[in-house]
There are 4 protein chains.
Amino acid sequence: MSDYSAVKAALREQRIETPSWAFGNSGTRFKVFAQEGIPRDAYEKIADAATVHRFTGVAPSVAVHIPWDRVDDYADLAKHAENLGVRIGAVNPNVFQDDDYRLGSVCNPDPAVRKKALGHLLECVDIMDVTGSRDLSIWLADGLNYPGQDSIAERQARLEEALAAVYERLGENQRMLLEYKFFEPAFYATDVPDWGTSYAHCLELGEKAQVLVDTGHHAPGTNIEFIVAFLLRKRRLGGFHFNSRFYADDDLMVGAADPYQLFRIMVEIVLGGGLDAASGVAFMLDQCHNIEPKVPALIRSVLNVQEATAKALLVDAGELRKLQRAGDVLGANAVLTDAFATDVRPLLAELRDEMGLDPDPIAAYRRSGYAERIVAERVGGTAAGWGA
Amino acid sequence: MSDYSAVKAALREQRIETPSWAFGNSGTRFKVFAQEGIPRDAYEKIADAATVHRFTGVAPSVAVHIPWDRVDDYADLAKHAENLGVRIGAVNPNVFQDDDYRLGSVCNPDPAVRKKALGHLLECVDIMDVTGSRDLSIWLADGLNYPGQDSIAERQARLEEALAAVYERLGENQRMLLEYKFFEPAFYATDVPDWGTSYAHCLELGEKAQVLVDTGHHAPGTNIEFIVAFLLRKRRLGGFHFNSRFYADDDLMVGAADPYQLFRIMVEIVLGGGLDAASGVAFMLDQCHNIEPKVPALIRSVLNVQEATAKALLVDAGELRKLQRAGDVLGANAVLTDAFATDVRPLLAELRDEMGLDPDPIAAYRRSGYAERIVAERVGGTAAGWGA
Amino acid sequence: MSDYSAVKAALREQRIETPSWAFGNSGTRFKVFAQEGIPRDAYEKIADAATVHRFTGVAPSVAVHIPWDRVDDYADLAKHAENLGVRIGAVNPNVFQDDDYRLGSVCNPDPAVRKKALGHLLECVDIMDVTGSRDLSIWLADGLNYPGQDSIAERQARLEEALAAVYERLGENQRMLLEYKFFEPAFYATDVPDWGTSYAHCLELGEKAQVLVDTGHHAPGTNIEFIVAFLLRKRRLGGFHFNSRFYADDDLMVGAADPYQLFRIMVEIVLGGGLDAASGVAFMLDQCHNIEPKVPALIRSVLNVQEATAKALLVDAGELRKLQRAGDVLGANAVLTDAFATDVRPLLAELRDEMGLDPDPIAAYRRSGYAERIVAERVGGTAAGWGA
Amino acid sequence: MSDYSAVKAALREQRIETPSWAFGNSGTRFKVFAQEGIPRDAYEKIADAATVHRFTGVAPSVAVHIPWDRVDDYADLAKHAENLGVRIGAVNPNVFQDDDYRLGSVCNPDPAVRKKALGHLLECVDIMDVTGSRDLSIWLADGLNYPGQDSIAERQARLEEALAAVYERLGENQRMLLEYKFFEPAFYATDVPDWGTSYAHCLELGEKAQVLVDTGHHAPGTNIEFIVAFLLRKRRLGGFHFNSRFYADDDLMVGAADPYQLFRIMVEIVLGGGLDAASGVAFMLDQCHNIEPKVPALIRSVLNVQEATAKALLVDAGELRKLQRAGDVLGANAVLTDAFATDVRPLLAELRDEMGLDPDPIAAYRRSGYAERIVAERVGGTAAGWGA
């Protein structure tokens, strides 16, 4: 069994980034159900993110999505965040919600649309300069709905060209994280469908280009922890968009669908050195709380990542390696399952107590009256959502 | 080789129903791209459906979706359809786009919501009485996003109760088609996930309850033609919602993703007697044309069903049976592949000519000026979409 | 929190059946890796099963597979089992390993083959009469590799006929469990692909026909606990073949791939009354230990089912129902996740102690010297495997 | 419409390699059904391959599998092939059928096993020197059944080391094709699960390392033609193992499950220049004819690849590009579907006639008496299979 103080030290250093858009309304193509107390702008989203951090102590940054979080003065937004005890994290460009992007953004057959999309990507680096963000988190909705609709190969060439231009623009301490997704919103083909495509582009671009793994973006049966281990070993794992899914890109709370998979991913992270800040692995959430209240869902999600990490830290790496080398299949497997079977909630409660936090963040949030306050205060205006 | 005149006679009798909602704007959760010339109301949708029929000759009815197609006077709407040479087909209730339905409709834990949902289902039968529609086409978005969210078993009991009430209300020549779907918009569990669930409910309800097969609503690897053959044999195949998909419920043009699968489905239909009007099998489209123009996409879809049907009719059933009984795997398979490899476009062109239609409906539609006319005329107002 | 003594009482009554074939060698189509100490006949397999029971206390029966376990005198085999403290459980016919079955068994186009297959099924009921087994566990490998190879509908008719003949033959206290499987060894179509097909046949046969759920036999994305809840509610859940899988029918140790799924299944069992002996739900393992030693793998599997059951018993059903009815998504979900997060190993150790067992069955087995003894003793002869 | 003489010229040059092992008995883990007339050794397999070539005219080489095709004198085997009008193609090492390989070959935790496996790979290059084969076709069955069983990262390091040693050994005109497979026979993780892993290794090795795409080795929903287009563009597509599948690695006749997918793959090949001999793309079959006769199944498979290629050659590339650039989704898609709908059998019959072949190879084979002759002659000895 590992040393608990070392486990707690590691957990104390872990940082989990919340996504501003998860505080707004979201839904499926069938319906966005409205909730009460939803933020009306980026400032209120950051206030919610700060609340998640206040109760968990490990979520000190919030990712923004442009133009959903467009403001006149990003320095002021960053200052607002700082005042609330958090900071602005990754910047996420959006090149999929304009009618011009019907056939794609940087892969569009029309050069004018490609130029517009590239302009937006570059604008987001400008914003990063102001907010001090390290990561440009690129997800492209580009793809095809029908065979033959466009040339797969030419679209790769267009993609290369745009990524190179953005890469060129990055500052010394800035990175580009290239996310992949195997379907949706394009149905037949996507232009960055898998980690292999993302990795290939990153290799050609340079070391500031890293692969972003969204845990919901894989074909069924894909072993995500293999990808994590592979990329970590090659120093190309930029970070995660955590969420969980049963079939498609469900964007449910991370750990809600398959907590053992999340644990296995964190085991690879721990064994591969991905918890060290120097590794550069960013732990970010990317979720949609379509039917449940947003703030407690995000608190729960942060806790889920923490619990999986704590269990992964309990894996006896020395014993594991010994049994693996001896070819003891059942023994080596049991090292993992024993760690997973452990109830780490007491350990985490203890840690929170040491950090001056309530040991039960969900209960503390409920008692805090925050939920009631935002319902009362956020009246009028337009609730934030994906479309705004 | 089958007799061509018999093939043509069968094709001449086949009826394919278009869905009113496919003429409106649609999209994914990420974006609904606006198109020009989109109908603003049910009347204009029916005009578009009539146009599809005008060029194909085999799409004389159009399904409606309530409340998307709500009008003050359904008799007048039916009259309008008749004036344009078509009629109103299946009525599709919508119990998923009201905030009340966040946790389900007839399976909702709240009895008041269940009552409201049931009321809407019954209202749709009222509409059927007026429009003369035979089929109430029920798809429920009910389900769960998270394990434990609600009781799977109790929801089945609520479902049974609601379906029984609707069944009771059906007139002598009316039917209830119960659609199933294995995910989306609910991610963890749906309340009618598969044909087995639908079939079980239909058995308990009675013969006017029939299973509706949407070709995009299955788990990967599901053999749809097995389901078709099974239900036909048990006289419980109410009909189809045709579309195609690569991974999820993509709602692409039928036949666009896997034309051989569509052919195999039609082979089971032909061999099982499902082309006979007496079988009651309804061939309906249910599609979303997110990035392509709607009217020609629907014409193309009708043609795709026709082509698959024509190829299925070319299967030499006697030879097939002989080879099957002899255990000649390659020979029996070749009977199918030979029919599929046949180019049936000349046969269909000939048929259209005999029916007084242009042999190339897509080209004829393009020449007709209809596309330009609706763009010019449909200015102002609100384009129809899923939300209205 | 539930009462621990009630939890322990329920766990004490649970029975998990081991499969004789899991003690023999198995593998993939690529290779069967030989292990040492493998039983050479049914008697030795039963000795291994008795060993699993000796250390776990809840595995007092062993399923047999005919002809793999064919003996001259089944009464003697049953006596042998009894002497070792176990009994013979379900009888599993095998109608897929004779060259005659290349195109199927009871669905074969050749009536002579169908007759032969039916004869074997009936022979298995004869064996049940002798062994006192309650359950005939039918899995058919019947299906098609190529479209058109045989008539799906006619094969259903042949299946109906055979099942009816077997059903007719069942004694008063005997049951037929009809297993389904969506692919393998047939690739294009299987004749009992899903629970719906099995359920439909069972409904037509009568109450002694029940559905058997093998947890590895579903298409990706299938919600197994829905099926369990549905069948339990209809009193048609005959039992389980437990195992786990990542993609196909991997037949790994139950709980090894997705322990949270196993827990959710057991939650439905507990909530639906399936733990009551009166429910008739049989908990059987059906696994292949291709690369790991068999006996400890089966002990581990029994423990995994127990742990999942224990956690399911810890679900606060009253609180769950209250939160479900209130529409509290996060709260209701947390009732499940709290139970799952609990470390039940101490509770189970305590239970075993009360039952006079070693609290750590795996360690006790290792210390027992049984593994070394069978390696030493079982020399010569032919190791048991699927082929014999 | 393309020029038919150019289409025929391209088809005349296409080469499709048959696999020696497909002429032997094969099956699933459940059963290998024996057939009559099966070759007893490599010489007889090559005779069967030569027969396929005799009737199709485009299958002049046969891949071998070592040790299944082990002979004392490979020069003599090559001479035998030459005498029959064919030649030996790719050499396929087998490092998965020895008990030593239970936990892997070159990724095994035991250095002695790794050394043995590497030795076999190198031995296969020796054989290539003798047979004049260009391609070493490496598929590794390495992987894990259980989480934690071995270190994913360390196994990658071992893999790198072994591949580097083999690469070093390659002669000037020799290549290494690295195949990937996402599951089976390992269930939890495979060591080369996807094209990204294979591509990454190939990049590190050098230009003689190329990716081998087996069309049955992908997760559901994977767009194979994207991979083909990507690799062709990067000049890293070494070739194909063609076959078809409905769910897993079914190894059915290519084109039997989804002929439209095969067509789309060939469209990317044609558009990307992959039909030019200079591209180095090898078109190889890798199939198992478990229930159907082998030789005609392979003839049919060769024809299926030819038909898909012919249809792909009919795609009007200029028109396609024009419509793609104009953003005409329906028009561009129709260029593909029109080519696919064309019946190319007459064109291929004409081509065969020009090549001095029977226009209907299947019928000609049936008339030839070859099937009867091998049944009569191949009596005694051991039928070839995967195990020998």
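Since this is a predicted model, take the numbers as computed values, not measurements. Throughout this document, residue positions are counted from 1 along each chain, in the order its sequence is written. Numbering of ligands from 1 and lettering of chains from A proceed in the order in which they are written. Per-residue local features are limited, in this predicted model, to residues with pLDDT of at least 70; the limit for side-chain atom pairs, both in listing and counting, is 80 or more; totals at the level of whole chains, interfaces and linings are taken over all residues. The side-chain figures draw on all heavy atoms in the structure; neither hydrogens nor water molecules are used.

Colleague: Tell me about the overall build of chain A, residues and numbers included.
Modeller: We count a stretch as a helix when DSSP gives it H or I for four or more residues in a row; a strand needs E for two or more, and each element gets its number in order from the N terminus. A tally of regular secondary structure across chain A gives 14 helices and ten strands. Taken over C-alpha atoms, the radius of gyration is set against a globule rule of 2.2 Å times the number of residues to the power 0.38. A globule of 388 residues ought to have a C-alpha radius of gyration of about 21 Å, and chain A, at 21 Å, matches this closely. Taking the principal axes of the C-alpha coordinates as reference, chain A spans close to 60 × 55 × 40 Å. We call a residue buried when its accessible area falls under 20% of the maximum for its residue type, exposed when it is over 50%, and partly exposed in between, using a 1.4 Å probe and counting protein chains only. Across the 388 residues that make up chain A, the buried fraction comes to 68%. With an accessible surface of roughly 12400 Å², chain A has 49% of that area assigned to carbon and sulfur atoms. In this charge count, Lys and Arg are treated as positive and Asp and Glu as negative; neither His nor the chain ends contribute. Taken as the charge location is NZ of Lys, CZ of Arg, CG of Asp or CD of Glu. If the 40 positive side-chain charges of chain A are averaged to one point and the 56 negative ones to another, these points end up 2 Å apart. The accessible surface values rely on the Shrake-Rupley method and a 1.4 Å probe; as for residues, cover is taken only from the protein chains in view.

Colleague: How would you sum up unusual backbone geometry? Please name residues and give values.
Modeller: Residue proline 185 of chain A is reached from glutamate 184 of chain A by a cis peptide bond, and omega for that bond is 5 degrees. Within the secondary structure layout, proline 185 of chain A lies in the loop between strand E6 (175–179) and strand E7 (189–190). Even without being glycine, glutamate 184 of chain D reaches a positive phi, approximately 70 degrees.

Colleague: Give a detailed account of helix H6 (residues 195–205) of chain C, specifying residues and quantitative values.
Modeller: Helical periodicity: at 3.6 residues per turn, an α-helix aligns residues three or four positions apart in one direction. H6 of chain C sits mainly inside the fold: nine of its eleven residues count as buried. Along H6 of chain C, the residues that are buried comprise Trp195, Gly196, Thr197, Ser198, Tyr199, Ala200, His201, Cys202 and Leu205 of chain C. Whether two residues are in contact is decided by their heavy atoms: any pair within 4.5 Å suffices. Taken together, the buried residues of H6 of chain C touch helix H6 (195–205) and helix H7 (224–233) of chain B together with helix H5 (152–169), strand E6 (175–179), strand E8 (209–214) and helix H7 (224–233) of chain C. Directly after H6 of chain C, the chain includes glycine 206 of chain C, whose backbone phi takes a positive value near 135 degrees.

Colleague: If you had to explain the interface of chain D and chain A to someone new, which residues and values would you point to?
Modeller: Across the contact, 52 residues belong to chain D and 52 residues belong to chain A. Once two parts are put together, the accessible area they lose, assessed with a 1.4 Å probe and summed over both, is termed the buried area. Carbon and sulfur atoms make up 59% of the surface buried where chain D meets chain A, a total of about 4200 Å² over both sides. When the buried surface of chain D facing chain A is broken down by residue, Phe226, Arg233 and Gln324 of chain D rank first, second and third, together holding 15% of it. Basic side-chain nitrogens of Lys or Arg form a salt bridge, by our definition, when they fall within 4 Å of a carboxyl oxygen of Asp or Glu. Where chain D packs against chain A, one counts ten salt bridges. Note that arginine 325 of chain A is salt-bridged to glutamate 154 of chain D, the shortest N-O span being 3.0 Å.

Colleague: Tell me about the pattern of salt bridges, and please be specific about residues and values.
Modeller: When the charged atoms of two side chains with opposite charge come close together, those side chains can pair. Residues and elements named next belong to chain D. Scanning the model with the defined rule gives 144 salt bridges over all chains in all. The closest approach of N and O atoms between arginine 155 and aspartate 142, which form a salt bridge, is 3.9 Å. Here arginine 155 is found in helix H5 (residues 152–169), whereas its partner aspartate 142 is found in the loop between strand E4 (135–138) and strand E5 (143–144), with 13 residues between them in sequence. Residue arginine 155 shares its accessibility class with aspartate 142, and that shared class is buried. A salt bridge links aspartate 249 to lysine 181; the nearest nitrogen and oxygen atoms lie 3.0 Å apart. Of this pair, aspartate 249 sits in the loop between strand E9 (237–242) and helix H8 (259–271) while lysine 181 sits in the loop between strand E6 (175–179) and strand E7 (189–190), and the two are 68 residues apart along the sequence.

Colleague: Pulling in residues and values, what's your account of the relation of the copies chain C and chain B?
Modeller: Each of the two copies of the chain can be brought onto the other by a rotation about an axis and a shift along it. C-alpha atoms of residues with pLDDT of at least 70 in both copies form the basis for the least-squares superposition of the copies. The transform that puts chain C on chain B rotates by 180 degrees and translates by 0.0 Å along the axis, for an RMSD of 0.0 Å. The superposition operator between the copies reduces to a two-fold rotation axis. Rotation axis and chain C: the residue whose C-alpha lies nearest the axis is glycine 196 of chain C, separated from it by 1.9 Å. Comparing interface residues between copies, 98% of those in chain C also sit at the interface in chain B, which points to an isologous, same-surface contact.

Colleague: Go over the environment of alanine 49 of chain D, please, and point to the residues and values.
Modeller: Residue and element names in this part refer to chain D. The residue alanine 49 is located in helix H2 (residues 42–56) in this model. Given the relative accessible area of 0%, alanine 49 is considered buried. Once the C-alpha coordinates of alanine 49 and serine 61 are considered, the two residues, twelve residues apart in sequence, prove to be 7.8 Å apart. With sequence-adjacent residues up to four places away left out, alanine 49 is seen in contact with Thr18, Phe23, Ala59 and Val62.

Colleague: Quick rundown of the interface of chain C and chain B? Include the residues and the values.
Modeller: On the side of chain B, 52 residues touch chain C, which itself brings 53 residues to the contact. Between chain C and chain B, roughly 4200 Å² of surface is buried when both sides are summed, and carbon and sulfur atoms account for 58% of that area. Considering only the side of chain C, the residues that lose the most area to chain B are Phe226, Arg233 and Gln324 of chain C, jointly responsible for 15% of the buried surface there. Across the chain C-chain B interface, the total number found is ten salt bridges. Of all the elements in the fold, those that place two or more residues in the side of chain C that touches chain B are H5, strand E7 (189–190), H6, H7, helix H8 (259–271), helix H10 (317–325) and helix H11 (329–341) of chain C. The biggest single contributor to the side of chain C that touches chain B is H6 of chain C, with eight residues.

Colleague: Describe the relation of the copies chain D and chain A, listing the residues and the values that go with them.
Modeller: The transform that puts chain D on chain A rotates by 180 degrees and translates by 0.0 Å along the axis, for an RMSD of 0.0 Å. With an isologous cut-off of 70% or more, the 100% of interface residues of chain D that recur at the interface of chain A puts this contact in the isologous class.

Colleague: With reference to specific residues and values, describe the environment of histidine 241 of chain B.
Modeller: Residue and element names in this part refer to chain B. With respect to the helices and strands, the residue histidine 241 is situated in strand E9 (residues 237–242). For the pair formed by histidine 241 and aspartate 286, sequence separation is 45 residues and the distance between their alpha carbons is 5.2 Å. When near neighbours in sequence (up to four residues on either side) are disregarded, histidine 241 contacts Asn92, Ser137, Glu179, Leu212, Val213, Asp214, Thr215, Met284 and Asp286.

Colleague: Lay out the packing of H5 of chain D against helix H6 (residues 195–205) of chain D in plain terms, naming residues and giving numbers.
Modeller: Residue and element names in this part refer to chain D. Comment: axis = line fitted to C-alpha atoms, over the contacting stretch for helices; angle = value between 0 and 180 degrees taken between N-to-C directions. H6 packs onto H5 with a crossing angle of 50 degrees between their chain directions and a minimal axis gap of 10 Å. It follows from the interaxial angle that H5 and H6 lie oblique. The hand of the H5/H6 crossing is right-handed. Of the residues in H6, those touching H5 at Gln156, Leu159, Glu160, Leu163, Ala164 and Tyr167 are Thr197, His201, Glu204 and Leu205. We call Asp, Glu, Lys and Arg charged. Ala, Val, Leu, Ile, Met, Phe, Trp, Tyr, Cys and Pro are nonpolar, and the rest, Gly among them, are polar. Looking at side-chain class alone, the contact of H5 with H6 contains five nonpolar, three polar and two charged residues. In these notes the angle categories are as follows: under 35 degrees is roughly parallel, over 145 is roughly antiparallel, 65 to 115 is roughly perpendicular, and the rest is oblique. Handedness of a crossing is defined here by the sense of rotation of the near helix relative to the far one, left-handed for an anticlockwise turn of less than a right angle and right-handed for a clockwise turn.

Colleague: Lay out the packing of helix H1 (residues 4–13) of chain D against helix H12 (residues 345–354) of chain D with the relevant residues and their values.
Modeller: Residue and element names in this part refer to chain D. Closest axis-to-axis distance for the H1/H12 pair is 11 Å, and the angle between their directions is 65 degrees. Crossing handedness for the pair H1 and H12: right-handed. Contact with H1, carried on its side by Tyr4, Val7, Lys8, Leu11 and Arg12, involves Leu347, Leu348, Glu350, Leu351 and Glu354 of H12 and no other residues of that element.

Colleague: An account of the packing of aromatic side chains is needed here, citing residue identities and associated values.
Modeller: Pairing of aromatic rings covers Phe, Tyr and Trp, the last through its six-membered ring, and needs centres within 6.5 Å; plane angles under 30 degrees mean stacked, over 60 mean edge-to-face, and all others mean tilted. Counting across every chain of the model gives 92 aromatic pairs over all chains. With 5.0 Å between their ring centres and 55 degrees between their planes, phenylalanine 246 of chain C and tyrosine 188 of chain D make a pair best called tilted. Separated into two different chains, phenylalanine 246 of chain C in the loop between strand E9 (237–242) and H8 and tyrosine 188 of chain D in the loop between E6 and E7 make up a pair that spans both. By the ring-pair criterion, three or more aromatic residues cluster together here, those being Phe182, Phe183 and Tyr247 of chain A together with Phe182, Phe183 and Tyr247 of chain B. By definition, being over a ring means that NZ of Lys or CZ of Arg is both within 6 Å of the ring centre and within 35 degrees of the ring normal. In this structure, lysine 208 of chain A is placed above the aromatic ring of tyrosine 167 of chain A, and the distance from its NZ or CZ to the ring centre is 5.7 Å. The side chain of lysine 311 of chain C reaches across the aromatic face of phenylalanine 340 of chain C, ending 4.3 Å from its centre.

Colleague: Explain the side chain of aspartate 191 of chain D to me, and be specific about the residues and the numbers.
Modeller: Mapped onto the elements of the fold, aspartate 191 of chain D is located in the loop between E7 and H6. On the accessibility criterion, aspartate 191 of chain D (4% relative accessible area) is buried. Within the structure, the side chain of aspartate 191 of chain D is placed 3.2 Å from the backbone nitrogen of glycine 143 of chain D, a separation counted as a polar contact. With near-sequence residues (within four places) excluded, aspartate 191 of chain D lies in contact with Phe226 of chain A together with Cys107, Asp142, Gly143, Arg155, Gln156, Leu159 and Thr197 of chain D. N or O atoms closer than or at 3.5 Å make up a polar contact, with two conditions inside protein: a donor-capable atom paired with an acceptor-capable one, and, for residues adjacent in sequence, both atoms drawn from side chains.

Colleague: Residues and numbers for the environment of histidine 120 of chain C, please.
Modeller: Residue and element names in this part refer to chain C. Its place among the elements puts histidine 120 in helix H4 (residues 111–131). For the pair histidine 120 and isoleucine 299, spaced 179 residues apart in sequence, the C-alpha separation works out to 32 Å. Looking at histidine 120, its side chain comes within polar contact range of the main-chain oxygen of isoleucine 66, at 3.1 Å. Within the structure, histidine 120 has its side chain in polar contact with the side chain of glutamate 123 (distance 3.1 Å).

Colleague: Please give an account of the pairing of strand E3 (residues 87–93) of chain C that cites residues and values.
Modeller: In terms of burial, E3 of chain C is a largely internal element, six of the seven residues being buried. Assignment of crossover handedness uses the view with strands pointing away from the viewer, where a clockwise path from the first strand over the helix to the second indicates a right-handed crossover. Read from strand E2 (residues 61–66) of chain C through helix H3 (residues 74–83) of chain C to E3 of chain C, the crossover connection turns out right-handed.

Colleague: Break down the side chain of lysine 8 of chain C for me, citing the residues and quoting the values.
Modeller: Residue and element names in this part refer to chain C. Of note, lysine 8 is situated in helix H1 (residues 4–13). For lysine 8, a relative accessible area of 11% puts it in the buried group. Here glutamate 354 takes part through its side chain, which lies 2.7 Å from a polar atom of the side chain of lysine 8. Among residues more than four places away in sequence, those in contact with lysine 8 are Leu347, Glu350, Leu351 and Glu354.

Functional significance is not addressed by these values, which are geometric in nature.
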